[in-house]
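# Structural overview
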Amino acid sequence: MLAAPLVPRRTAGTRTVTRTAYWTRLVPLLAALACVTRLPSFRRPLWNPDEGYLAVQARLLAQGGQLYDTVVDRKPPLVPWLYEAAFVVCGSGSLTPLRVLAVLAQLLTAATVASLARRRWGDGAGRTAGVLYLLVSVGLNPEDAQAVGFEIFILPGTAAALWCADRGRWGAAGAAVAAAFLTKQTGGAVLLPVAWLLHRGGAPRAGALRLAAGCALPVLGAALLTDPARFLFWTVTGSVAYASFAGSEFHVLARALANTALLATASAGLLPPVARALRTVRTAALDLWLWLASSAAAVTAGLHFFGHYYLQLTPPLVLVATSALHVLPPERSLAALRTSAGVCALFLAWGLCAPRPELAHAQRLAAVLEQRTAAADRVLVWGMHPETYWLAGRTPATRYLTAGLLTNYSGGRDGSEVGEKYAVAGTWPVFRRELDAQAPALVVDDSRGEPYAPDRVPALRRLLAARYEEAGTVDGAVLYTRVPGE
């Protein structure tokens, strides 16, 4: 059984005062640390194309669009809706409100991790776990660690699922699992340790029913709010080709090794206690190992190993390390904290100083789009940087915001299995109808020699040859305007 919270037990009043005082001191510390570790995120308007994709989606949704119809993506709806809500309240010209929400998400995750550790190993372990989580959470390429993407909002849901299950609150645990899944499909992996806690606790059938209902009802509600068939297609069945690295094995393996090395560097203070915990693993900590293993499986799912996938590993990794540190002399915890703080400072410096050449390219391209088109014009940017639409304030000519959905290039492929025949099923007929119904005023070929360039996509090549003429270049991107009379 789990260890009871190490707090004074003289009277109910004393327990309340002690609990309140503990969090009154700890939460401000975690809040300050969350702000410091997320500081680089506020330095740039965008960090990666995922933010750009979400920003364009949210702007279209805020203008009355429909998810999985007016605009589509392979993700569940929670984060697009969150972006949309922020745009409705604060305007769509900046991601600063989302960056504030990301700080709050990190604070909530850290506090939940601290609460889990405190319940099991005492006050000191709770403080150590909360601080370690925030220090380690920035230990990736800044475009992965600082972006306001799907993974940053998965973490509160996964941590809350364990927190609720640890206390036998099975309906709430199921709802937290559903929230994680509706943020990104891999968030549902936390169901494994939750189910283990249900089994180990000997919960009656009613507990299992509450867990199942908590999981199913929010997902069913999201499907009904969109369209059940489209929801199923875009979140599950339509991603079969994406979840493969056939022909790109070495390309993907190199990315996996690089991002694993980055997280290992960030976790330098944690790995020795994790190794010790592995040697002395006990049944009472099996749920944490299952959480870590299921998170590793979530990173592996899809076989693409992008850096932001690795964020899902950080809460269970910290808790496993804390499970070992709490039985060691206090000096070991201090050493882990010092090492993690030093490495965190290096990653923060990287985030504050690293150049972002692709963002500069998108900004220059967006400036040209603003000059050459009117605000009401639709444009087509054939590339992998949907942020160009958002930066230019122009409406996409199609629901497919990148060439990836139409060529299977998304997922960082090296060129194998890229082309029309590898596109998401049914996308090309819809794409042609959209362009026929309202031809874009300007087409930008932003492929810049990548495998999805128009000379390798016959349908797009024919469209450009029949209706458009070349009108200049910007940083290697080719501009096409409509032929007079078209």
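Description of the structure in this document. It should be emphasised that the depicted structure is a prediction, and the values quoted were computed from it without experimental measurement.

## Quick look at the overall build of the chain
When its secondary structure is counted, the chain shows 21 helices and five strands. The C-alpha atoms of the chain give a radius of gyration of 24 Å, which matches the 23 Å a tight globule of 486 residues would have. Along the longest, intermediate and shortest principal axes, the C-alpha atoms of the chain span 85 × 50 × 45 Å. Long-range pairs, those at least 24 residues apart, make up 76% of the contacts in the chain between residues at least 6 apart in sequence. About 19600 Å² of surface is accessible on the chain, with carbon and sulfur atoms providing 63% of the total.

## Structural notes on the environment of Leu-67
With respect to the helices and strands, the residue Leu-67 is situated in the loop between helix H2 (49-62) and helix H3 (78-90). Each C-alpha atom, one on Leu-67 and one on Ser-340, is 41 Å from the other, the two residues being 273 residues apart in sequence. If sequence neighbours within four positions are ignored, Leu-67 has contacts with Gln-57, Leu-61, Pro-77, Pro-80, Trp-81 and Thr-226.

## Describing the layout of surface pockets
Rolled over the atoms, a probe as big as a water molecule pinpoints where empty space is left. Approximately 240 Å³ is the volume attributed to the second largest pocket. Residue lining of the second largest pocket: 14 residues in total, with Thr-70, Arg-378, Pro-396, Ala-397 and Glu-434 positioned closest to the centre. Of all the elements in the fold, those that place two or more residues in the lining of the second largest pocket are strand S2 (395-396) and helix H20 (427-437). Considering only residue class, the lining of the second largest pocket consists of four nonpolar, six polar and four charged.

## Focus: empty space enclosed by the protein
One pass over the structure, following the stated rule, counts one cavity of 30 Å³ or more. Lining the largest cavity are Asn-48, Asp-50, Asp-144, Ala-147, Gly-149, Phe-150, Glu-151, Ile-152, His-308 and Leu-311. Considering only residue class, the lining of the largest cavity consists of four nonpolar, three polar and three charged.

## Description of the packing of helix H4 (residues 96-121) against helix H7 (residues 150-166)
Helix packing for two helices is described by the angle between their axes and how far apart those axes are. At a minimum axis distance of 9 Å, the contact between H4 and H7 shows a crossing angle of 25°. As summarised for this structure, H4 and H7 are arranged roughly parallel, according to the angle between their axes. At the point where H4 passes H7, the crossing takes the left-handed sense. Where H4 abuts H7, its residues Leu-98, Leu-101, Ala-102, Ala-105, Gln-106, Leu-108, Thr-109, Thr-112, Ser-115, Leu-116, Arg-119 and Arg-120 lie against Ile-152, Phe-153, Leu-155, Pro-156, Ala-159, Ala-160, Leu-162, Trp-163 and Asp-166. Looking at the contact of H4 with H7 residue by residue, the class counts come to 14 nonpolar, four polar and three charged.

## Section: the side chain of Arg-59
As for its position among the elements, Arg-59 is in helix H2. Buried Arg-59, no salt bridge; nearest opposite-charge side chain is Glu-370, N-O distance 9.0 Å. Apart from residues lying up to four places away in sequence, Arg-59 is in contact with Phe-87, Ser-92, Gly-93, Tyr-389, Trp-390 and Gly-393.

## Some words on the environment of Pro-204
You can see Pro-204 is positioned in the loop between helix H9 (191-200) and helix H10 (205-225). Distance in space between the C-alpha atoms of Pro-204 and Ala-254 is 47 Å, their sequence separation being 50 residues.

## Things to note about a nonpolar patch on the surface
Together, Phe-42, Val-100 and Leu-104 line one region of the surface with nonpolar side chains, adding up to about 250 Å² of accessible area. If you trace the backbone, Phe-42 turns up in the loop between helix H1 (12-37) and H2. Take Phe-42: its relative accessible area is 36%, and that puts it in the partly exposed class.

## Some words on the nonpolar core
Judged by nonpolar contacts, the single largest core of 73 residues is most densely connected at Tyr-83, Trp-382 and Trp-428. The element that contributes the greatest number of residues to this core is H2, accounting for seven residues. With 72 residues, the next largest nonpolar core counts Ala-111, Ala-173, Trp-289 and Ala-321 among its residues.

## Section: the packing of H3 against H4
In contact at an axis separation of 9 Å, H3 and H4 are set at 125° when each is read in the N-to-C sense. By the angle between their axes, H3 is oblique relative to H4. The interaxial crossing formed by H3 with H4 has right-handed handedness. Contact residues: Leu-82, Tyr-83, Ala-86, Phe-87 and Cys-90 in H3; Pro-97, Leu-98 and Leu-101 in H4. Residues that form the contact of H3 with H4 fall into these classes: eight nonpolar, no polar and no charged.

## A short note on the pattern of salt bridges
Taken as a whole and assessed by the stated rule, the structure comprises 15 salt bridges. For Arg-118, the salt bridge is made with Asp-123, and the minimal N-O distance between the two is 2.7 Å. You can call Arg-118 buried: its relative accessible area is 7%. In the salt-bridge network here, residues are joined through shared partners; they are Asp-69, Arg-230, Arg-399 and Glu-434.

## Some remarks on unusual backbone geometry
Even without glycine at this site, Tyr-68 takes up a positive phi of about 70°. Topologically, Tyr-68 is positioned in the loop between H2 and H3. By relative accessible area, Tyr-68 is classed as buried at 2%. Located in the positive-phi region is Phe-305, a residue other than glycine, with phi close to 60°.

## Regarding the side chain of Arg-44
Within the element layout of this structure, Arg-44 appears in the loop between H1 and H2. One buried charge, Arg-44, has no salt-bridge partner; the nearest side chain with opposite charge is Glu-143, at 9.1 Å.

## Observations concerning helix H5 (residues 123-136)
In this model H5 runs 20 Å from its N-terminal to its C-terminal C-alpha over 14 residues, within 8% of the 20 Å that 1.5 Å per residue would give. In terms of burial, H5 is largely enclosed, as eleven of its 14 residues are buried.

## Some thoughts on the sheet that holds strand S3 (residues 442-445)
In space, the five strands of this open sheet follow the order S2-S1-S3-S5-S4, with mixed pairing throughout. Whereas interior strands pair on both sides, the edge strands pair on one side only; in this sheet they are S2 and strand S4 (468-474). Where S4 and strand S5 (residues 477-482) come together, five bridges link them in antiparallel fashion. Of the residues in S5, the one forming a bridge with Thr-473 is Val-478.

Reading the values: rules and limits
- Residues numbered from 1 in each chain as written.
- Predicted model: local features only at pLDDT ≥ 70, side-chain atom pairs only at ≥ 80, totals over all residues.
- Heavy atoms only, no water.
- Helix = DSSP H or I, 4+ residues; strand = E, 2+ residues; numbered from the N terminus.
- Rg over C-alpha atoms; globule rule 2.2 N^0.38 Å.
- Contact = heavy atoms within 4.5 Å.
- Areas by Shrake-Rupley, 256 points an atom, 1.4 Å probe, with all protein chains shown as cover.
- 1 Å grid on protein atoms, 1.4 Å probe; cavity = no way out; pocket = protein on both sides within 12 Å on 5 of 7 lines; lining within 4 Å.
- Points joined across faces, edges and corners; volume = space filled by probe spheres on them.
- Nonpolar A, V, L, I, M, F, W, Y, C, P; charged D, E, K, R; others polar.
- Axes fitted to C-alpha atoms, helices over the stretch in contact; angles between N-to-C directions.
- Parallel < 35°, antiparallel > 145°, perpendicular 65-115°, else oblique.
- Left-handed = near helix turned anticlockwise from the far one by under 90°.
- Buried < 20%, exposed > 50% of the residue type's maximum accessible area, 1.4 Å probe, protein only.
- Lys, Arg positive; Asp, Glu negative; His and termini not counted.
- Salt bridge = Lys/Arg side-chain N within 4 Å of Asp/Glu carboxyl O.
- Patch = residues over 30% accessible without salt bridge, like charges linked within 9 Å, V, L, I, M, F, W, Y side chains within 5 Å.
- Core = buried A, V, L, I, M, F, W, Y, C linked by side-chain atoms within 4.5 Å.
- Expected span 1.5 Å × (residues − 1).
- Pairing = 2+ DSSP bridges.

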